[in-house]
Amino acid sequence: MTMDLGQIIKEKAHELLASKKVECVLGYERATDGKTARPLFAYTPEETERFIFDETCVHGLAKFLLNWKDKSTAIVAKPCDVRSVNLLLQEKQLNRDKVFIMGVVCPGVAECSWDRVGPPQQRCNACPQHNPPVYDFLVGEPVPEKEPQNGVDPEVARIKAMTAAERRAFWNQQFDRCVRCYACRQACPGCYCTECFVDQVDPTWVGIRHSPADNHMWNTVRGFHLAGRCTQCGECQRVCPVNIPLMLVNDELTQEVGDKFAFQPGMDPSTLPPFATFKKDEHLGIG
Amino acid sequence: MAKFISKTDLLAWLEGLMKERTLAAPIKEEGVTRFAPVKKVADIVMDPGATDFSPKDWFFPPSETLFTVSKADGKTVITPRTMEKEAILFGLHPCDGLGVALMDLPFLAEPADASYAEKREKTTLVGLACRQSRPECFCTSLGSNPFDATYLDVLLIEAGGGYIVQSKTEKGQKLLASAKLTESNVETPAPPAVNTVPVEGLVAIAPHVFNDAFWTRLADRCIHCNMCAFVCPACYCFDIRDYVGKGGVVERVRSWESCQAAGFTKIAGGYTPRPTKAARLRQRFYHKFLYMPKQLGSIGCTGCGRCVRVCPVNIDIREIITTMQKIGAKVAVGAP
Ligand code: SF4
Ligand code: SF4
Ligand code: SF4
Ligand code: SF4
Ligand code: SF4
């Protein structure tokens, strides 16, 4: 299939802005390295000429919608990004009437960093969802979905097979590198608290010291706050400047929640995540 | 004739120095190259290309204890952190020499920061000239260059299967006393070409660009992840807090912080003087292009390109400088 997805996006974005159906279109344009992509916010029909779509469009744009809550906005969204939009809708952070989803039939994206386009992303190889689960406008022709690959990610399995002491040593070594920039949080569509626990001073949950205990506390609680909410967009790991394998934490928690609650985050705009609901007769062997 | 050292002799020299001094150099871990204490010289990345983090890690680390306060015999005892040994910071890029000089401006201004001053005093800077520039480099636009030895104690230029050795400082000469140097007629290679950015006149036009809508548009895509400031050799903001540990010992801890964080300027009562994304993003560039020149005497950027490389949404300081110049030029001629 050699459809020019970028061209379809340009035309639709032009129409949406020219007809004043939306005030802004979020998509991608070429970055200054001439190779990778960066987010583009188009406000005028003229700017839509700059839109592109290809395997370098890695960024999840859903979180940017939170900057635009009251303005009608169109968003170019890969299926995983649509799941993030759904998460924000489920959690009442967005008004569906204000969001126009340009869902892209996703060919998968590459490992990208400054001046470099690498091999296809691991998560794309395993992705069971190449057609956007929800959209207002479909970019591309629907493709047949592959059978979802069941079973645990081999790296997650490897870590789960460790003894508690080995696992602690593994994570200490990883978290030791953390520079506490909170880029992982800043990029995450699920991290939108007005005040993150890590920034709270009274009480102080985590110290500013980069000690093993403080780093562990930050990274573990970040993961847990996304349990059953993480849409596996991979943004946290992509932006981590010291390459901490944060997806291992997220994938394990996703698996746990999936097993216990038969729930996959962000597949539709209305089902509430398990931790946002409470039923009196709930037991599930955890309480 | 130039002073010359072979590759093997260089490593032998460093190994010898490590017996009495701490050696910090570019080390690669999990794909990230940072200046860190060296365990064995074989671990040093001799041609790092790009070091993802800057050498400020050594003088102003991500997190450090400045001093502890304890009680002994009814008296309060303050124990500052001190360096046991002298140190060598090896493998700086020439622009990083300028970076250290820029970092000196705030930290050594009276009253000098004791922790920083001690490390600076006891550390000798050994740089490696860049035989190649990268697309994001623009050091020559900021007064440095790929062979710049101005702020380094020793500069090594790779040539003829070894390194040409330059040193003008006393610290450098002292360190080189144990090196096996030879006289050589190896020719000094030409420095690589570097991309340029129109920095000239930037400080003068900056005030005219302050209120331009450009900043709001640019901040649309900034996720305020702090990384541009964390990797920057010239960004020096931090947070300080005290922690009470075992036995009532108080520890004063300093960790990196940056103007990109929403809580950075928050003050008692909850007021935030830089409440918008645009105000926060703009601060980083105004600090560099206006406030530092006015208050400390120099633009706060070395042209190392690290922030360009790290930014997850391609906010590119070179593009910003060019755009500021364009907007400034319009303001200057009074055009709309
Ligand atoms: S935790 Fe990571 S993968 Fe999950 S939604 Fe947040 S950014 Fe995406
Ligand atoms: S992005 Fe990486 S380094 Fe930054 S806080 Fe998150 S885990 Fe730590
Ligand atoms: S690195 Fe980029 S996204 Fe992060 S704070 Fe800096 S400019 Fe913003
Ligand atoms: S602002 Fe960017 S290019 Fe300039 S010194 Fe800092 S990291 Fe390097
Ligand atoms: S205010 Fe911003 S630009 Fe200036 S030193 Fe601090 S972090 Fe860097």
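These numbers come from a predicted model, not from an experiment.

What counts and how
- Residues numbered from 1 in each chain as written.
- Chains lettered and ligands numbered in written order.
- Predicted model: local features only at pLDDT ≥ 70, side-chain atom pairs only at ≥ 80, totals over all residues.
- Heavy atoms only, no water.
- Helix = DSSP H or I, 4+ residues; strand = E, 2+ residues; numbered from the N terminus.
- Contact = heavy atoms within 4.5 Å.
- Buried area = accessible area lost by both parts, 1.4 Å probe.
- Salt bridge = Lys/Arg side-chain N within 4 Å of Asp/Glu carboxyl O.
- Nonpolar A, V, L, I, M, F, W, Y, C, P; charged D, E, K, R; others polar.
- Core = buried A, V, L, I, M, F, W, Y, C linked by side-chain atoms within 4.5 Å.
- Buried < 20%, exposed > 50% of the residue type's maximum accessible area, 1.4 Å probe, protein only.
- Expected span 1.5 Å × (residues − 1).
- Axes fitted to C-alpha atoms, helices over the stretch in contact; angles between N-to-C directions.
- Parallel < 35°, antiparallel > 145°, perpendicular 65-115°, else oblique.
- Domains from an automatic or database assignment.
- Near = heavy atom within 4 Å.

Some details on the environment of A:Asp251
Residues and elements named next belong to chain A.
Right, so step 1: Residue position: Asp251 is located in helix H9 (residues 246-261).
Right, so step 2: Along the sequence, Asp251 and Ser19 sit 232 residues apart, while their C-alpha atoms lie 42 Å from each other.
Right, so step 3: Ignoring any residue separated from it by four or fewer positions in sequence, one finds Asp251 in contact with Val156 and Gln232.

Some points on the interface of chain B and chain A
Right, so step 1: Taken together, the 37 residues of chain B in the interface contact 34 residues of chain A.
Right, so step 2: Across the interface of chain B and chain A, roughly 3,000 Å² is buried in total on both sides, 56% from carbon and sulfur atoms.
Right, so step 3: Across the chain B-chain A interface, the total number found is four salt bridges.
Right, so step 4: Among the ionic pairs, A:Arg177 bridges to B:Glu29, the shortest N-O distance being 3.9 Å.
Right, so step 5: Mapped by element, the contributors of at least two residues to the side of chain B that touches chain A are strand E3 (32-37), helix H8 (227-231), strand E11 (238-244), strand E12 (250-256), helix H10 (306-310) and helix H11 (317-332) of chain B.
Right, so step 6: A breakdown of the residues in the side of chain B that touches chain A according to their chemical character gives 15 nonpolar, six polar and 16 charged.

Describing the nonpolar core
Right, so step 1: Formed by 138 residues in total, the largest nonpolar core has its most connected members in B:Trp215 and B:Met324.
Right, so step 2: Sort the elements by how many residues they give to this core and helix H9 (residues 277-296) of chain B lands first, with seven residues.

Points about helix H3 (residues 94-108) of chain B
Residues and elements named next belong to chain B.
Right, so step 1: With 15 residues, H3 extends 21 Å from end C-alpha to end C-alpha; this agrees with the ideal 21 Å at 1.5 Å per step.
Right, so step 2: Of all the 15 residues making up H3, twelve are buried; the element is thus mostly covered by neighbouring parts of the structure.
Right, so step 3: The set of residues buried in H3 consists of Pro94, Cys95, Asp96, Gly97, Leu98, Gly99, Val100, Ala101, Leu102, Met103, Asp104 and Phe107.

With respect to the packing of helix H5 (residues 164-175) of chain A against helix H7 (residues 212-225) of chain A
Residues and elements named next belong to chain A.
Right, so step 1: The geometry of H5 relative to H7 is characterised by a closest axis approach of 10 Å and an angle of 95° between their N-to-C directions. Put simply, H5 runs roughly perpendicular to H7. Every residue of H7 that contacts H5 at Arg168, Trp171, Asn172 and Phe175 is listed here: Asn215, His216, Asn219 and Thr220.

Looking at the domain arrangement of chain A
Residue and element names in this part refer to chain A.
Right, so step 1: Parsing chain A into structural domains produces domain 1 (5-139) and domain 2 (154-276).
Right, so step 2: Of note, the centres of domain 1 and domain 2, computed from C-alpha atoms alone, are 24 Å apart.
Right, so step 3: Between domain 1 and domain 2, the contact holds 20 residues from the first and 26 residues from the second.
Right, so step 4: Note on domain 1 versus domain 2: buried area summed over both sides is about 2,000 Å², and carbon and sulfur give 51% of it.
Right, so step 5: Its largest share of buried area at the contact with domain 2, domain 1 owes to Lys63, Arg83 and Gln90, together 38% of the area lost on that side.
Right, so step 6: Taken together, the connections running from domain 1 to domain 2 amount to one salt bridge.
Right, so step 7: A salt bridge links Glu91 to Arg229; the nearest nitrogen and oxygen atoms lie 2.7 Å apart.
Right, so step 8: It is helix H2 (residues 79-90) that provides the largest number of residues to the side of domain 1 that touches domain 2, a total of nine residues.
Right, so step 9: Residue composition of the side of domain 1 that touches domain 2, by class: nine nonpolar, seven polar and four charged.

A few points about the site of ligand 2
All names here are of chain A.
Right, so step 1: Lining the immediate environment of ligand 2, one finds 14 residues, of which Cys178, Cys181, Tyr182, Cys184 and Cys240 sit closest.
Right, so step 2: If you list the elements that add at least two residues to the shell around ligand 2, you get helix H6 (183-187) and H7.
Right, so step 3: Here the residues of the shell around ligand 2 sort into twelve nonpolar, one polar and one charged.

With respect to the site of ligand 4
Residue and element names in this part refer to chain B.
Right, so step 1: Taken together, 13 residues surround ligand 4, and among them Cys232, Cys301, Cys304, Gly305 and Cys307 come closest.
Right, so step 2: Mapped onto the shell around ligand 4, the elements with two or more residues apiece are H9 and H10.
Right, so step 3: Of the residues assigned to the shell around ligand 4, the class counts are seven nonpolar, three polar and three charged.

Points about the domain arrangement of chain B
Residues and elements named next belong to chain B.
Right, so step 1: When the domains of chain B are assigned, the result is domain 1 (2-59 + 83-184) and domain 2 (202-235 + 257-333).
Right, so step 2: If you average the C-alpha positions of domain 1 and of domain 2, the two centres end up 28 Å apart.
Right, so step 3: Listed per partner, the contact involves 24 residues of domain 1 and 24 residues of domain 2.
Right, so step 4: With both sides pooled, the region where domain 1 packs onto domain 2 buries about 1,900 Å², and carbon together with sulfur makes up 61% of that total.

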